[in-house]
Amino acid sequence: MAQIFAAHSDTPPALLRLLFHDCFIQGCDASILLDDSNESTNRSAEKLAIPNQTLKGFDKVEKIKEELEKACPGVVSCADILVLATRDGIVLAGGPFYPVFTGRRDSNQSYFQEAMDDIPKPDGNITQTLGLFTLRGFNERETVSLLGGHSIGKISCEFIQGRLFNFSGTGQPDPSIASDFLDEMRRNCQDSGNSSNGTASPPMVSRAMSELTLGMTYYQGLSSSVSSGSAFDTHYYQSLLQGRGLLFSDQQLMAEEKTERLVRAYASDDGSTFQIDFARSMMKMRPSVS
Ligand code: HEM
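The protein chain is annotated in an unreviewed UniProt entry as Peroxidase from Vitis vinifera. The UniProt entry for the protein chain carries the following text under Subcellular location (unreviewed entry): "Secreted".

In structure tokens, the structure reads:
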């Protein structure tokens, strides 16, 4: 992982998102990596479901698998590789270390429809987000800490344009965006003219040209109030307190008192409470559902 990271520093966020999307649907079973559809059910592969179409990092898992197969054929599952590589990537990105069990088995089943239905949506409100996490055994605190995964990585403009230009079909921006941040984001994410109305991105919306780097955007906006250093610090939560969340679903953490309280708590120290909780929540990602 250290070698991959040295050459591609964007690997940890890519793997973290890949792992989240894998584990959220039927557990951490590497079903997200399968290309083939289930012959018996005539459905498409999970990786083709809309929320999964923007995932990255498949090539990195494959590279690690190749190396391991050379050294030790048929022993380490792709599910374990994804979990271990992500864990190590998080540490390399400045996040917490946490122990993980090994021995996961790879699935030969792919869950297209469940991925379509159950991967949380960027336009999801707080009730919808909490509902989906609750179904997978995560309480509010764990959910708010896991969303801190958005402390690293990038978000494409296509997921934000609806909020900036035509929120819920109003022709107006999302009122929960702080006005200075709105200007900043509009400069980075021009109106593509085909952005949807703040609802889920339709399948055919093309990937916008630009992306917002999660950490960088927040840092830019908060340069005087956030110390530099690890990206796994409080900047994600600080930004939410200031109405500067990138995704609607991020900013929605401020829409309910119980989640807002957690955001405030994570924003209020040196980042250690968030790191401890994030590590614990990552350890709860289930091996498989059976
Ligand atoms: C309500 C829940 C969530 C929603 C709606 C959501 C949605 C998204 C979206 C739309 C992107 C941008 C993808 C792109 O531009 O290609 C993204 C990126 C990302 N998400 Fe989430 N996410 C959620 C929860 C999580 C969780 C729980 C984690 C990890 C524990 C996570 C980790 C990441 C990371 C690391 C990235 C950056 C990926 C990269 O730079 O390659 N997300 N997420």
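Following the structure, the description resumes.
*Asks:* Looking at this model, I keep getting lost on the nonpolar core. Mind explaining?
*Replies:* One recurring pattern in soluble globular proteins: nonpolar side chains tend to sit buried together. Judged by nonpolar contacts, the single largest core of 55 residues is most densely connected at Leu18, Phe232, Tyr237, Leu253, Phe278 and Met282. Top contributing element to this core by residue count: helix α4 (residues 78-92), with 7 residues. Of the domains in this structure, domain 1 (2-119) and domain 2 (155-278) are the two that each give at least three residues to this core. Beyond its immediate chain neighbours, meaning those up to four positions away, Phe278 contacts Leu16, Ile90, Pro96, Ser145, Leu146, Gly149 and Phe232. Counting residues in each nonpolar core, the second largest holds 13 residues, with Ile155, Ala178, Phe181 and Leu247 among its members.

*Asks:* Looking at this model, I keep getting lost on the state of the cysteines. Mind explaining?
*Replies:* As used in these notes, a disulfide is a covalent bond between sulfur atoms, one from each of two cysteines. Scanning the entire structure with this criterion turns up 2 disulfides. Two residues share a disulfide in this structure: Cys23 and Cys28, whose sulfurs sit 2.1 Å from each other. As the torsion about the S-S bond is roughly 115°, the Cys23-Cys28 disulfide counts as right-handed. Look at Cys28 and you get buried, because its relative accessible area is 1%. What pairs with Cys157 in a disulfide is Cys189, and their sulfur atoms sit 2.0 Å apart. Here the disulfide of Cys157 and Cys189 is left-handed, its torsion about the S-S bond being about -85°. With Cys157 in the loop between β1 (154-156) and α8 (161-165) and Cys189 in the loop between α9 (179-188) and β2 (211-213), this residue pair connects regions lying 32 residues apart in the sequence. Judged by its relative accessible area of 0%, Cys189 falls in the buried class.

*Asks:* When you look at the coordination of the iron atom of the ligand in this model, what are you seeing that I'm missing?
*Replies:* Under perfect tetrahedral coordination by four donors, a metal shows angles of 109.5 degrees; under perfect octahedral coordination by six donors, it shows angles of 90 or 180 degrees. Among all protein atoms, only His150 (NE2) binds the iron atom of the ligand, sitting 2.1 Å from it. Counting through the fold element by element, His150 comes out in the loop between α7 (140-147) and β1.

What counts, and where the lines are drawn
Residues numbered from 1 in each chain as written. Predicted model: local features only at pLDDT ≥ 70, side-chain atom pairs only at ≥ 80, totals over all residues. Heavy atoms only, no water. UniProt positions renumbered as here; feature names shortened; annotations may be inferred. Core = buried A, V, L, I, M, F, W, Y, C linked by side-chain atoms within 4.5 Å. Buried < 20%, exposed > 50% of the residue type's maximum accessible area, 1.4 Å probe, protein only. Helix = DSSP H or I, 4+ residues; strand = E, 2+ residues; numbered from the N terminus. Domains from an automatic or database assignment. Contact = heavy atoms within 4.5 Å. Disulfide = S-S within 2.5 Å. Donors = N, O, S within 2.8 Å, 3.2 Å for Na, K, Ca; no water.

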